[in-house]
2 protein chains.
Amino acid sequence: MMENVRIVLVNTSHPGNIGSSARAMKTMGLKNLYLVAPKLFPHDKATEMASGATDVLEQARVVETLAEAIADCHLVFGTSSRSRAISWPVISPRECATKIKEQAQKTNIAIVFGREQTGLTNEELHQCQYHIQIPADSIYCSLNLASAVQVLAYELRVIHESAPVPVLKDCDYASSEELEGFYEHLERVMIQIEFLNPKAPKQLMARLRRLFYRAELDKREVNILRGILGAIEKSCSSR
Amino acid sequence: MMENVRIVLVNTSHPGNIGSSARAMKTMGLKNLYLVAPKLFPHDKATEMASGATDVLEQARVVETLAEAIADCHLVFGTSSRSRAISWPVISPRECATKIKEQAQKTNIAIVFGREQTGLTNEELHQCQYHIQIPADSIYCSLNLASAVQVLAYELRVIHESAPVPVLKDCDYASSEELEGFYEHLERVMIQIEFLNPKAPKQLMARLRRLFYRAELDKREVNILRGILGAIEKSCSSR
């Protein structure tokens, strides 16, 4: 289970936080670290804070965009402390761990953490099926990045050490890359048919994403939907 | 509940860890920090790492010994990653949170964290009723101090936000100070009656402590036991 889970840190400012996060991961048995455009990495401060977890840092994958980091993942969780304009399925760290335990044997899973000051952007959050909110004090809820990683990794560890969950169904989920391809296609078609005004898009695409995330699309369904989109495009352009 | 819980850090080496621990506490709604003989405090690094939790640092109580920090507590939990020569009741962070929820309305409670490198000494651990082991990887289990504080504080937060636990019984528990007075008295008497050889004490006092901790003594019972010890002393010296 733990091998299929990756921690993704987006645009981290302080290299010390990358090192502390690596240590938090390793203590709980997690090893896959993805860094999306870190400000400073590699860095002495990261190595120092990693303590005995420098191997996690050495094996970390550095990529340019969140999309690259999660391309081959089916389940993507994003951490968020703020409530958003459009409400998304929000779960607790414990619920997240339960979902991961159910799915981790058959797919890659990512837990995404945002910038120290500003978290994840709305656009990034819309690439995640679920938003995780860590329970916190109502007035001061600003967890340190590595502390947030520690809480999630800890919940995974606890559930990992508990009794196994039976695999409920065996299906071939669509990857994040396949889903993104579908959403782009969908957006093009929405514009083409003038349902979506690119100058005033409102929350349309976000609402559609949320809907399809809930459906947990498999590969075949994505092919079917794209087939439909292709048919719409063809039909409209030939008019 | 949260107001009656204190976090006790023993002999912390790095002031940054004190600051990070204060932040971890405040994000979860904990405010009472006790520092037992910190190496460097106050310190700029502590303030920096505390971020928005400098008020927790400013209100922290600095004391010389663990006994002072826990004197008015009934329930004392010590964190430990090593197994010990004499086995103690070991519980998980979640079990600890459950116990605290049951008791926190009627007594003060301490969670004690040891030194960064070496943890708590056996003597310090024997001042705790329960030892908490945080689930961790079997090979690399060395959590950063603030991460360990975060995990415990998080479990408290989760249970704090859940439904209230009914108070099972209303009794007047003995304080840690009263218990320590009893144990000292007990040890003197054990030596006096030559059941305990001070040059080869083995684990006798630890075993006795463990036994009485399990009994969860109230004030009246401690008075009775000390009455018995007094009677033994008097009886032996008059022979």
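The numbers attached to residues start from 1 for each chain and follow its sequence in the written order. Think of it this way: whatever chain is written first is A, whatever ligand is written first is 1, and the rest follow in order. Totals for whole chains, interfaces and linings use every residue, but because this is a predicted model, local features are given only for residues with pLDDT of at least 70 and side-chain atom pairs only at 80 or more, for both listing and counting. Neither water nor hydrogens contribute to the side-chain values; these are computed over all heavy atoms in the structure.

A.B. asks: Residues and numbers for the overall build of chain A, please.
C.D. replies: Helical segments are the DSSP runs of H or I of at least four residues, strand segments are the runs of E of at least two, and each set is numbered from the N terminus. Per the secondary structure count, chain A includes 10 helices and 7 strands. Here the radius of gyration uses the C-alpha set of atoms, whereas the globule reference equals 2.2 Å times the residue count to the power 0.38. A compact globule built from 239 residues would reach a C-alpha radius of gyration of about 18 Å, and chain A, at 19 Å, matches this within 12%. Its C-alpha atoms put chain A at 65 × 40 × 35 Å along the principal axes. Throughout, a residue-residue contact means that at least one pair of heavy atoms, one from each residue, lies within 4.5 Å. Contacts in chain A between residues far apart in sequence, at least 24 positions, make up 84% of those at least 6 positions apart. Only the protein chains shown count as cover for residues, and the accessible areas themselves come from Shrake-Rupley with a 1.4 Å probe. A total accessible area of about 11500 Å² is found for chain A, and carbon and sulfur atoms account for 50% of it.

A.B. asks: Would you mind going over the domain arrangement of chain A in detail, with residue names and values included?
C.D. replies: Residue and element names in this part refer to chain A. Note: domain ranges come from an automatic or database domain assignment. With domains assigned, chain A is organised as domain 1 (2-161) and domain 2 (176-237). Computed from C-alpha atoms alone, the centre-to-centre distance between domain 1 and domain 2 is 28 Å. Taken together, the 16 residues of domain 1 in the interface contact 11 residues of domain 2. Accessible area, probed at 1.4 Å, shrinks when two parts are joined; the buried area is that loss added up over both. The junction of domain 1 with domain 2 conceals about 1200 Å² of combined surface from both sides, 58% of it contributed by carbon and sulfur atoms. Counted as salt bridges are all cases of a side-chain nitrogen of Lys or Arg within 4 Å of a carboxyl oxygen of Asp or Glu. At the junction of domain 1 and domain 2, the tally comes to 0 salt bridges.

A.B. asks: I'd like a description of helix H9 (residues 204-215) of chain B, backed by residues and values.
C.D. replies: Residue and element names in this part refer to chain B. To estimate the expected span of a helix, subtract one from its residue number and multiply by 1.5 Å. Compared with the 16 Å implied by 1.5 Å per residue over 12 residues, the 17 Å span of H9 between its first and last C-alpha is a close match. Think of it in three bands: with a 1.4 Å probe and only protein chains considered, a residue is buried below 20% of the maximum accessible area for its type, exposed above 50%, and partly exposed in between. For H9, the complete set of buried residues consists of Leu204, Met205, Ala206, Leu208, Arg209, Arg210, Phe212 and Tyr213. For H9, the elements touching its buried residues are helix H8 (176-192) and helix H10 (219-237). Just past H9, the residue Glu216 takes up positive phi, approximately 50 degrees.

A.B. asks: Summarise the interface of chain B and chain A; cite the residues concerned and give the values.
C.D. replies: If you look at the interface, chain B gives 29 residues, while chain A gives 29 residues. Here chain B packs against chain A, burying approximately 2500 Å² in sum over the two surfaces, 55% of which is carbon and sulfur. Linking chain B with chain A are 2 salt bridges, by the criterion used here. Note that A:Arg94 is salt-bridged to B:Glu155, the shortest N-O span being 2.9 Å. What qualifies as a polar contact is a pair of N or O atoms within 3.5 Å, subject to a donor-acceptor requirement within protein and to the restriction that residues adjacent in sequence count only when both atoms come from side chains. Our count for the contact surface shared by chain B and chain A stands at 14 residue pairs in polar contact (both at pLDDT 80 or more). Listing elements by their share of the side of chain B that touches chain A, those giving two or more residues are helix H1 (15-27), helix H2 (44-50), helix H5 (93-103) and helix H7 (145-161) of chain B. Looking at the side of chain B that touches chain A element by element, the count peaks at 8 residues for H7(B).

A.B. asks: Explain the packing of aromatic side chains residue by residue, including any values.
C.D. replies: All names here are of chain A. Two rings from Phe, Tyr or Trp (for Trp, the six-membered ring) form a pair when their centres are within 6.5 Å of each other. A pair whose planes differ by under 30 degrees is stacked, one over 60 is edge-to-face, and the rest are tilted. Per the counting criterion, the structure on display carries 13 aromatic pairs over all chains. Relative to Tyr130, the ring of Phe77 lies with its centre 5.6 Å away and its plane at 20 degrees, an arrangement referred to as stacked. Within this pair, whereas Phe77 is found in strand S4 (residues 75-79), its partner Tyr130 is found in strand S7 (residues 130-132), the two being separated by 53 residues in sequence. Neither Phe77 nor Tyr130 differs from the other in exposure class; each is buried. With a centroid separation of 6.1 Å and an interplanar angle of 70 degrees, the aromatic rings of Trp88 and Tyr213 are classed as edge-to-face. Of the two residues, Trp88 sits in the loop between S4 and strand S5 (90-91) while Tyr213 sits in helix H9 (residues 204-215), which places them 125 residues apart along the sequence.

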